[in-house]
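The primary structure of each chain is shown beneath.
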Amino acid sequence: MKDYYQVLGLQKGASKDEVKKAFRKLASQYHPDKKTGDEAKYKEITEAYAVLGDDKKKAEYDTYGHAFNGGGGHSQGAGFGGFSWADFAGQQGFNNGQGFEFDLNDIFENFGFGGGRQSRPARGRDVSIEINLQFKEAIFGTTRKILITKNSLCSHCKGTGAKDGAGTIDCATCSGNGKIRETRQSIMGSFTTVRECNVCQGKGKVPKEKCTYCAGVGVARGQEEIEVQVPSGLENGEVIRLTGRGEALQGGQPGDLYVKVHVESHSRIKRDGNNLIVALPVKLTDAMLGNTYEIETLDGSIEVKVPAGINHGELLRVKEKGVPGDRGRGDFMIKVSIEIPKKLSKKAQKLIEDLRAEGI
């Protein structure tokens, strides 16, 4: 039989509070879900606490020592590696409605559930909108100012909910603690839960006199102009996230604003990754003899030399005139499309026949 006091690092006859404190410390250290966890050690700790944490079993253990049989064993209701919920209340406590008192948050915290004491703060709703961009705006980026209707911090009280200069007083609901403690009875005995006060949102303070504009809520619905920085190289359907620009919530964090972009197509230029592609119609004679063409890019007009003997579908590359990116700009690709005349004059037809006679 293990020495339960030694398992918890205590002297025999330690008080109930000392037992509970030692259990919480060791359970937090050796819980299997933690880096310092040790499942075997954790089982010993919970087994010891199931006995020493119960007044009746502790008294029997102190009297009979190693002859103590565990108050009927742990054959039923056992969990957490030998730990039994029945051990908390005990058979006698279950029958007469008396169980030992504990804080449910403490127990859950020791078993890795967090106990709700560090719960995530409340958060305002996210807002989603859509905007249209011209092709060039999506390539080079731009700035847009948009007007949206949403819940924002009250501009009159700056989110405090108090009338200007009125100040605050202790919340009557939670007596200025920001938390409300409730004790309840269950088959396990009495237990205590702690929750955030929903009147003061955990602050412990409320306005002496409420803001007349927002009625003390701290937020008000209205229109807000927001500037959206559109990064360069954005593609159709992408979403820009503006953290904290969603709806506000008193006592909580604001939500986010999501801006989905729709990029309009260009009449001539297409996008291929970080490159831009444009089709260039080239006369047959220019394809054979070469010539210079003027082409309109997103950066302005440039002159491109079409070499003699170029083939239909060939690509001419103008470096660093494409889409801006983290590794520099892409290229501007010119796809040659040789135009074959559908009708020929008699003179042109004679020249073509002469060329064919030459084997061209």
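Residues numbered from 1 in each chain as written. Predicted model: local features only at pLDDT ≥ 70, side-chain atom pairs only at ≥ 80, totals over all residues. Heavy atoms only, no water.

If you had to explain the overall build of the chain to someone new, which residues and values would you point to?
Scanning the chain for helices and strands turns up nine helices and 20 strands. By residue count, 35% of the 360 residues in the chain fall in the buried class. Taking the intrachain contacts of the chain between residues at least 6 apart in sequence as the baseline, contacts between residues at least 24 apart amount to 61%. As displayed, the chain has an accessible area near 22200 Å², and 47% of this comes from carbon and sulfur atoms. (Helix = DSSP H or I, 4+ residues; strand = E, 2+ residues; numbered from the N terminus. Buried < 20%, exposed > 50% of the residue type's maximum accessible area, 1.4 Å probe, protein only. Contact = heavy atoms within 4.5 Å. Areas by Shrake-Rupley, 256 points an atom, 1.4 Å probe, with all protein chains shown as cover.)

Can you explain the side chain of Thr297? Please cite residues and give values.
In this structure, Thr297 sits in strand S15 (residues 291-297). Within the structure, the side chain of Thr297 is placed 3.1 Å from the backbone nitrogen of Asp299, a separation counted as a polar contact. Of the polar contacts made by the side chain of Thr297, one reaches the backbone oxygen of Gly300; its length is 2.7 Å. Excluding its chain neighbours within four sequence positions, the residues that come into contact with Thr297 are Ile302 and Phe332. (Polar contact = N/O pair within 3.5 Å; in protein donor to acceptor, adjacent residues only side chain to side chain.)

Give a description of the nonpolar core that names residues and reports values.
A general tendency of soluble globular proteins is for nonpolar side chains to be buried together. If you look at the biggest cluster of nonpolar residues, it comprises 22 residues, and the most contacted ones within it are Leu276, Ile295, Phe332 and Ile334. Broken down by secondary-structure element, the contributors of at least two residues to this core are helix H7 (135-140), strand S14 (275-283), S15, strand S16 (300-306), strand S17 (315-318) and strand S20 (332-339). The contact partners of Ile334, leaving out residues within four places of it in the chain, are Val278, Leu280, Ile295, Val304, Glu314, Leu315, Leu316 and Val318. Counting 19 residues, the second-largest nonpolar core is a separate cluster that includes Ala14, Ala27, Tyr42 and Tyr49. (Core = buried A, V, L, I, M, F, W, Y, C linked by side-chain atoms within 4.5 Å.)

I'd like a rundown of the environment of Lys150, residues and numbers included.
Among the secondary structure elements, Lys150 is positioned in strand S5 (residues 142-153). Between the alpha carbons of Lys150 and Glu247 there is a distance of 5.8 Å; along the sequence they are 97 residues apart. Here Ser152 takes part through its side chain, which lies 3.1 Å from a polar atom of the side chain of Lys150. Polar contacts involving the side chain of Lys150 include one to the side chain of Glu224, which spans 2.9 Å.

Hey, could you go over unusual backbone geometry for me, with residue numbers and the actual values?
One non-glycine residue, Lys158, lies in the positive phi region at around 60 degrees. Despite not being glycine, Ser175 shows a phi value in the positive range, around 60 degrees. Tracing the backbone through its elements, the reader meets Ser175 in the loop between strand S6 (168-170) and strand S7 (179-186). Residue classification places Ser175 among the exposed residues on the basis of a relative accessible area of 56%.

I'd like a description of the sheet that holds strand S11 (residues 239-242), backed by residues and values.
Pairing is mixed in the open sheet, where three strands are placed in the order S4-S12-S11. The strands lining the two open edges of the sheet, one partner per strand, are strand S4 (127-133) and S11. Geometrically, the sheet is characterised by an average inter-axis angle of 25 degrees between neighbouring strands, direction not taken into account. Examined bridge by bridge, S4 and strand S12 (residues 257-263) share seven bridges and lie parallel to one another. Residue pairing in the sheet places Asn132 in a bridge with His262 of S12. (Pairing = 2+ DSSP bridges. Axes fitted to C-alpha atoms, helices over the stretch in contact; angles between N-to-C directions.)

I'd like a description of the side chain of Glu247, backed by residues and values.
Within the secondary structure, Glu247 is located in the loop between S11 and S12. Here Arg221 takes part through its side chain, which lies 2.9 Å from a polar atom of the side chain of Glu247.

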